[in-house]
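# Observations on the model geometry
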There are 2 protein chains.
Amino acid sequence: MAQPNLDPTAADAGDVLGTYLRAQATAFLRALRLHEEGGGTGADGGAAGGAARTLRGAARRISGSLATFRGVTESAWADRLRTELVWLSSTLADEHAYAARLTRLMDALHRLSGSPEVPAPRGTAGALTVGSARAGALLERQLTLARTRAHSATLQALGSSRFHAVADAVAVLASEVPLDSIAARGRVADVLVPLAGMAETRLSAAVAALPPVGGRETAPSPYDADHDAHWHEVRRLLRVHRYAREALGEDVSRPAAAGEALDRHRDAAEAAAASATAARTPRIAPATAYALGVLHADQRHEVEAARLDFHRVWLREPAVTPR
Amino acid sequence: MAQPNLDPTAADAGDVLGTYLRAQATAFLRALRLHEEGGGTGADGGAAGGAARTLRGAARRISGSLATFRGVTESAWADRLRTELVWLSSTLADEHAYAARLTRLMDALHRLSGSPEVPAPRGTAGALTVGSARAGALLERQLTLARTRAHSATLQALGSSRFHAVADAVAVLASEVPLDSIAARGRVADVLVPLAGMAETRLSAAVAALPPVGGRETAPSPYDADHDAHWHEVRRLLRVHRYAREALGEDVSRPAAAGEALDRHRDAAEAAAASATAARTPRIAPATAYALGVLHADQRHEVEAARLDFHRVWLREPAVTPR
């Protein structure tokens, strides 16, 4: 099990980083055991879903910390393990992502078609209801297929020798973190804090380079997906920053809240893209395509709203006028 | 021509109201002459468009003032003229409304498909571009047809004996306003100010009864058109309030700005409805229907943005989080 947290002011860099990495490795192994006991049924709710989430989270925390604090560990070992953990967590994430995307799109369709409390939707809502049921069925078919494929890929990955090598490496990490003998003896303030500062600087630079948001003359159209990648990169860098602060025992509620906005940003952007993809299905009815168009625009507006939320939480800027 | 403005503190109610009504009647007659010289070609830009706008504005100002200050005029005469002016201004408004709606939808489609400066739209934008050209052609066909019909209706109205009776009544108004002999001799503060206050009270009550806006839990979905009518009624009452204040010589820049937001609200709501109607055209291609769906959702978000703008301008409430 993880050692109790050490006082960072008294402990050296290796103690603090080692404690964090061992705790995350232990969480990884426990979640892996729970996940295997879940029978790999693909059910994302309940214990198996929780275990898969913890597994992904621990893998991201280990790989993020190994990136930020690379020089404090045996670098060659850290680079290898990090690469493998990035592969693993992205493989594990796919199945969950397809399931979450379907839920998001179904919720949006339900909202767009009017709630069941509202009697007989009038005017435009009626036309939308006709198409939205068929749009929902189409999305369900396409995303369930994608999810099934991702589930097979996950099972294949978890049975591979590549995965067993990762699990073995994490098991080693849980008892003994391979550290750089000189850097690990330095003080936390001299070694870990400046490295965490560099991760924060990279994040700040990426945030400063983001295009403007929300209704300004210079802001890109909310329907323009070309800028999404900049936000996805900020999301990645924010996570690395958050895990570095977590390793130092700092409060991470603000990066966590900002990260939630960027998670919503990513989810909405991918849901919008899924809706556009479904609309390109040959021989669909016009009413289905219409509902998918409304859904696409709706999710792009959610993208915009998530960007505004991120600005508010992270930059503490007041909300600007929505366009 | 209109008399010079009188000092409301010195003048009696009949003087102030009479001056305003005579000025508006004169503007009406001048715009009518310009409109007839324009040859009724239906061109909405340039001098003819400006004359039609002035004609509608003067008709609304006269009918609004006759409603608010009914008791200061000969009531039976005021009621008759008011009914006829409401008929006239709504008839005249249709042609302009269809033209403006088409312009709004074409601008939105252009924005949605990406600006020409952006090279080769990627991903979802590509699919949208395919359908948006066809959606644009469909909307142009439908709204041009509606506009042509409205133009014929306008020409028919302007040639009718009903219209000539209205024009004659306004010509009488331009020289001599039929006033109630007792009320018109009262002081402005005792007669006109309380009546204008009643118009403002009606407006405030309608504003207070509006459903919440923008992202709150209790706010209706932006796609739900059921609440539009409440906003359209506030727009009507705001105009009546504005013209009453104008008659009293007060500054109306704030109601004018709030009215602009509600004009945008109305325009976006009707553009969204036109997009939904176009999507119900039989045998359209799915790509066309998809673009119309995006357009519908886009215009409903413009509806939402206009509501937030109205709140900001009129209630001076801070913008709330967009959903």
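To start, this report covers the structure provided alongside it. (Residues numbered from 1 in each chain as written. Chains lettered and ligands numbered in written order. Predicted model: local features only at pLDDT ≥ 70, side-chain atom pairs only at ≥ 80, totals over all residues. Heavy atoms only, no water.)

Our focus in this paragraph is the overall build of chain A. Helix and strand counts for chain A stand at nine helices and zero strands. In chain A, the proportion of contacts linking residues at least 24 apart, taken out of those at least 6 apart, comes to 81%. Here chain A displays about 14500 Å² of accessible surface, and carbon together with sulfur accounts for 55% of that area. (Helix = DSSP H or I, 4+ residues; strand = E, 2+ residues; numbered from the N terminus. Contact = heavy atoms within 4.5 Å. Areas by Shrake-Rupley, 256 points an atom, 1.4 Å probe, with all protein chains shown as cover.)

In this section: the packing of aromatic side chains. The relative placement of two aromatic rings is captured by the distance of their centres and the angle of their planes. Residue and element names in this part refer to chain A. Tallying each qualifying case throughout the model produces two aromatic pairs over all chains. Their ring planes at 85° and their centres at 6.0 Å tell us that Trp231 and Phe310 sit as a pair that is edge-to-face. Highlighted residues: Trp231 in helix H7 (residues 228–247) and Phe310 in helix H9 (residues 286–315), separated in sequence by 79 residues. Judged by its relative accessible area of 0%, Phe310 is buried. Looking at Arg162, its charged tip hangs above the ring of Trp87, at a distance of 4.1 Å from the centre. (Phe/Tyr/Trp six-rings, centres within 6.5 Å; stacked < 30°, edge-to-face > 60°. Buried < 20%, exposed > 50% of the residue type's maximum accessible area, 1.4 Å probe, protein only. Lys NZ or Arg CZ within 6 Å of the ring centre and 35° of its normal.)

This next bit is on unusual backbone geometry. Here A:Arg283, not a glycine, exhibits a phi torsion of approximately 65°, which is positive. Taking the relative accessible area as the measure of exposure, A:Arg283 reaches 81% and is therefore exposed.

Here we take up the nonpolar core. Proteins that are soluble and globular tend to have nonpolar side chains buried together. Ranked by internal contacts, the top residues of the largest apolar core, which has 46 residues, are A:Leu139, A:Leu292, A:Leu295, B:Leu139, B:Leu292 and B:Leu295. Going through the elements one at a time, helix H3 (75–112), helix H4 (124–158), helix H8 (253–279) and H9 of chain A together with helix H3 (75–112), helix H4 (124–158), helix H8 (253–279) and helix H9 (286–315) of chain B are the ones with two or more residues in this core. Once residues within four sequence positions are removed from consideration, B:Leu292 is found in contact with A:Tyr290, B:Ala135, B:Leu138, B:Leu139, B:Ser275, B:Ala278, B:Ala279 and B:Ile284. If you look at the next biggest cluster of nonpolar residues, it comprises 43 residues, including A:Ala13, A:Ala25, A:Leu32 and A:Ala167. (Core = buried A, V, L, I, M, F, W, Y, C linked by side-chain atoms within 4.5 Å.)

A volume near 1400 Å³ is recorded for the largest pocket. What lines the largest pocket is a set of 47 residues, and nearest its centre among them are A:Arg60, A:Arg235, A:Arg239, A:Asp263 and A:Arg266. Elements with a contribution of two residues or more to the lining of the largest pocket: helix H2 (46–68), H3, H7, H8 and H9 of chain A. Per element, the largest residue contribution to the lining of the largest pocket is 15 residues, and it comes from H3(A). Among the residues making up the lining of the largest pocket, the classes are represented as 13 nonpolar, twelve polar and 22 charged. Approximately 1200 Å³ is the volume found for the second largest pocket. Along the walls of the second largest pocket sit 38 residues, with B:Arg60, B:Ala93, B:Arg235, B:Arg239 and B:Arg266 positioned nearest its centre. Elements supplying a minimum of two residues to the lining of the second largest pocket: helix H2 (46–68), H3, helix H7 (228–247) and H8 of chain B. Its residues assigned to classes, the lining of the second largest pocket comprises twelve nonpolar, eight polar and 18 charged. (1 Å grid on protein atoms, 1.4 Å probe; cavity = no way out; pocket = protein on both sides within 12 Å on 5 of 7 lines; lining within 4 Å. Points joined across faces, edges and corners; volume = space filled by probe spheres on them. Nonpolar A, V, L, I, M, F, W, Y, C, P; charged D, E, K, R; others polar.)

Moving on, we get to the environment of B:Gly38. Residue and element names in this part refer to chain B. Looking at where Gly38 falls in the secondary structure, it is placed in the loop between helix H1 (13–37) and H2. A relative accessible area of 29% means that Gly38 is categorised as partly exposed. Between the alpha carbons of Gly38 and Ala189 there is a distance of 42 Å; along the sequence they are 151 residues apart.

The next point concerns the environment of A:Ala244. Residue and element names in this part refer to chain A. Among the structural elements, Ala244 can be located in helix H7. On the basis of relative accessible area, Ala244 is assigned to the buried category, the value being 1%. With 156 residues separating them along the chain, Ala244 and Leu88 place their C-alpha atoms 20 Å apart. Once you skip the residues sitting within four places of it in the chain, Ala244 turns out to touch Thr68, Phe69 and Ala196.

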